[in-house]
Amino acid sequence: MSCWILFLSLLGFLPLVAPTCPSPCKCDANIVDCLSRGLTESSLPAAFSPSTRTIFLNHNQLTSIPRGLLDNLQSLQVAYLWGNPWECDCDILYLRSWLQWQQNRTQYRDVVCASPEHLRGRIIAYLSEDELISTCQYWYCSLALFSQICLFVFILLQAVLLLFIILFLHRFQRIASVARQTTKEMHQHIDTWAPLSENAHGID
């Protein structure tokens, strides 16, 4: 009886410790094969088994690696990363840092920038921090310029709306003035015709 209890408890525990293969990759022992799966940063697996020793991520559509994805893989020996359109901007800082911590950086010499243009073909592991920070500054400048343009358009729309309101109020004042003048003239005509009407009744 105790043997059956131990067996069932092990069956309940195994799913917690058994490594799972992340979709859409294929796994064999401690190798995770995500080669040519059309992966992007959004479709990249959220985590890999801690026992993973080799990861094939080459020939996908990766432009960056999510921060912390490779940090807990203590058994990882190599990650194949070439053949991806890496964008060497602020988002590549994590991958650059991870590559620089690898003992054999020469095996990552094919992991190069695809953009921006002035960094195309550069090895990511050997990029200086200043080069990447400069791309971040360009990005912030572009964002600031876009924000200023949006603010200018917003102010311009407010000015047009204010002008429309002023014109509308001016026209309304003119209509109101004409209406008051018409009402005044009608009262004058009524006051003029009232005595005449009384005289006509007196004559009758």
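Please refer to the structure placed before this passage.
Here's a quick rundown of the structure. (Residues numbered from 1 in each chain as written. Predicted model: local features only at pLDDT ≥ 70, side-chain atom pairs only at ≥ 80, totals over all residues. Heavy atoms only, no water.)

1. Observations concerning the overall build of the protein chain
Of regular secondary structure, the protein chain possesses three helices and six strands. The secondary structure elements of the protein chain, listed N-terminal to C-terminal, are α-β-β-β-β-β-α-β-α. Per-residue burial over the protein chain gives 23% buried out of 204 residues. Sequence separation of at least 24 residues holds for 45% of the intrachain contacts in the protein chain that already meet a minimum separation of 6. For the protein chain, the computed accessible surface area is about 14800 Å², with 63% contributed by carbon and sulfur atoms. (Helix = DSSP H or I, 4+ residues; strand = E, 2+ residues; numbered from the N terminus. Buried < 20%, exposed > 50% of the residue type's maximum accessible area, 1.4 Å probe, protein only. Contact = heavy atoms within 4.5 Å. Areas by Shrake-Rupley, 256 points an atom, 1.4 Å probe, with all protein chains shown as cover.)

2. A closer look at the side chain of S49
Among the structural elements, S49 can be located in the loop between β2 (31-33) and β3 (54-56). Take S49: its relative accessible area is 17%, and that puts it in the buried class. Side chain to side chain, S49 and S51 meet in a polar contact 3.0 Å long. (Polar contact = N/O pair within 3.5 Å; in protein donor to acceptor, adjacent residues only side chain to side chain.)

3. Notes on the state of the cysteines
Every disulfide links exactly two cysteines, by a covalent bond between their sulfur atoms. Applying the stated criterion to the full structure yields three disulfides. Paired by a disulfide, C21 and C27 hold their sulfur atoms 2.1 Å apart. Handedness here is read from the sign of the S-S torsion; for C21 and C27, about 85 degrees, the answer is right-handed. Judged by its relative accessible area of 35%, C27 is partly exposed. The residue that forms a disulfide with C88 is C113, at a sulfur-sulfur distance of 1.9 Å. Between C88 and C113, the disulfide has an S-S torsion of -95 degrees and is therefore left-handed. Residue C88 is found in the loop between β5 (86-87) and α2 (93-100), and its partner C113 is found in strand β6 (residues 113-115); the two are separated by 25 residues along the sequence. No difference in accessibility class separates C88 from C113, as the two residues are buried. (Disulfide = S-S within 2.5 Å.)

4. Some thoughts on the sheet that holds β2
Taken together, four strands build an open sheet; the order of strands is β1-β2-β3-β4 and the sheet is mixed. Two strands close off the open sheet at either side, each with one partner strand: β1 (26-28) and β4 (78-80). Along the sheet, successive strands turn relative to each other by an average axial angle of 10 degrees, direction set aside. Bridge count for β1 against β2 is three bridges, and the pairing is antiparallel. Residue pairing in the sheet places D28 in a bridge with I31 of β2. (Pairing = 2+ DSSP bridges. Axes fitted to C-alpha atoms, helices over the stretch in contact; angles between N-to-C directions.)

5. Overview of the packing of aromatic side chains
Taken as a whole and judged by the stated rule, the model has three aromatic pairs. Measuring from ring centre to ring centre gives 5.8 Å for W98 and Y108, while their planes differ by 75 degrees; the resulting arrangement is edge-to-face. Taken together, the positions of W98 in helix α2 and Y108 in the loop between α2 and β6 put the pair ten residues apart, joining distant regions of the chain. W98 sits in the buried class, given a relative accessible area of 9%. What links up through ring pairs into an aromatic cluster is the set F56, Y80 and W82. (Phe/Tyr/Trp six-rings, centres within 6.5 Å; stacked < 30°, edge-to-face > 60°.)

6. A closer look at the nonpolar core
Ranked by internal contacts, the top residues of the largest apolar core, which has 33 residues, are L57, L81 and W98. Broken down by element, this core gets its largest block of residues, four residues, from α2. Excluding anything up to four places from it in sequence, L81 contacts L57, N58, W86, L95, W98, L99, Y108 and V111. (Core = buried A, V, L, I, M, F, W, Y, C linked by side-chain atoms within 4.5 Å.)

7. Let's talk about the pattern of salt bridges
Evaluated as defined, the whole model comprises two salt bridges. Across the pair E117 and R120 runs a salt bridge whose closest N-O atoms are separated by 3.2 Å. As a salt-bridge pair, E131 and R122 come within 2.8 Å of each other at their nearest N and O atoms. Residue classification places E131 among the partly exposed residues on the basis of a relative accessible area of 22%. (Salt bridge = Lys/Arg side-chain N within 4 Å of Asp/Glu carboxyl O.)

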